[in-house]
Amino acid sequence: MSEDVRLVAWVRGRVQGVGFRWFTRAKALEIGDLSGFALNLDDGRVQVVAEGSRTGCEGLLDWLQGDDTPGRVDGVTEIWDTPRGGYDGFAIR
């Protein structure tokens, strides 16, 4: 059984104005059992917070770092933590 974790990722590149948050939410829902959000930051990055199984969060991170995202991802910085809860599904903020 996979432990529950919290992934916080900051995605940089051309990731605003291209549907990146929408596709991130769709991918999180496709993976299933993930809650959290995707948020545009003022500096042009997108912050993604996901909580759920380690396997699910790793799958989302793999997608964020891959070539199947909208726009162009130049890099992803992530941190791992214990889940805090309080999210109702996966939201676009």
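Residues numbered from 1 in each chain as written. Predicted model: local features only at pLDDT ≥ 70, side-chain atom pairs only at ≥ 80, totals over all residues. Heavy atoms only, no water.

Turning our eyes to something else, we now look at the overall build of the protein. From N to C terminus, the protein includes 2 helices and 5 strands. A compact globule built from 93 residues would reach a C-alpha radius of gyration of about 12 Å, and the protein, at 12 Å, matches this within 12%. Taking all contacts inside the protein whose residues are at least 6 apart in sequence as the whole, residues at least 24 apart take part in 76%. When the accessible surface of the protein is totalled, it reaches about 5,200 Å², and 44% of it is carbon and sulfur. Considering the protein, the positive charge centre built from 11 side chains and the negative charge centre built from 15 side chains are found 6 Å apart. (Helix = DSSP H or I, 4+ residues; strand = E, 2+ residues; numbered from the N terminus. Rg over C-alpha atoms; globule rule 2.2 N^0.38 Å. Contact = heavy atoms within 4.5 Å. Areas by Shrake-Rupley, 256 points an atom, 1.4 Å probe, with all protein chains shown as cover. Lys, Arg positive; Asp, Glu negative; His and termini not counted. Charge placed at Lys NZ, Arg CZ, Asp CG, Glu CD.)

So, on to the UniProt feature "active site" (unreviewed entry) in the protein. Under the local residue numbering, the UniProt record ascribes the feature "active site" (unreviewed entry) to Arg-21 and Asn-40. In sequence the annotated residues extend across 20 residues, while in space they remain close, none of their C-alpha pairs exceeding 7.8 Å. Judged by relative accessible area, Arg-21 falls into the partly exposed class, the value being 24%. Residues contacting Arg-21, with those up to four places away along its chain left out, are Ala-38, Leu-39, Asn-40, Val-46, Ile-92 and Arg-93. Structurally, the position occupied by Asn-40 is in strand β2 (residues 34–40). Owing to a relative accessible area of 27%, Asn-40 belongs among the partly exposed residues under this scheme. (UniProt positions renumbered as here; feature names shortened; annotations may be inferred. Buried < 20%, exposed > 50% of the residue type's maximum accessible area, 1.4 Å probe, protein only.)

With numbering aligned to this structure, UniProt lists the feature "domain: Acylphosphatase-like" (unreviewed entry) at residues 6–93. The distance separating the terminal C-alpha atoms of residues 6–93 is 18 Å; by composition the span is 27% helix and 42% strand.

What follows covers the packing of helix α1 (residues 20–31) against helix α2 (residues 54–65). Where α1 meets α2, the closest approach of the two axes is 10 Å, and the angle between their N-to-C directions is 145°. The two elements α1 and α2 meet at a crossing, and its hand is right-handed. Residue-level contacts link Phe-20, Phe-23, Thr-24, Lys-27, Ala-28 and Ile-31 of α1 to Gly-56, Gly-59, Leu-60, Trp-63 and Leu-64 of α2. Partitioned by chemical class, the residues of the contact of α1 with α2 number 7 nonpolar, 3 polar and 1 charged. (Axes fitted to C-alpha atoms, helices over the stretch in contact; angles between N-to-C directions. Left-handed = near helix turned anticlockwise from the far one by under 90°. Nonpolar A, V, L, I, M, F, W, Y, C, P; charged D, E, K, R; others polar.)

Its location among the elements puts Asp-62 in helix α2. Taking relative accessible area as the criterion, Asp-62 reaches 52% and is therefore assigned exposed. In sequence terms Asp-62 and Ala-26 are 36 residues apart; their C-alpha atoms lie 15 Å from each other.

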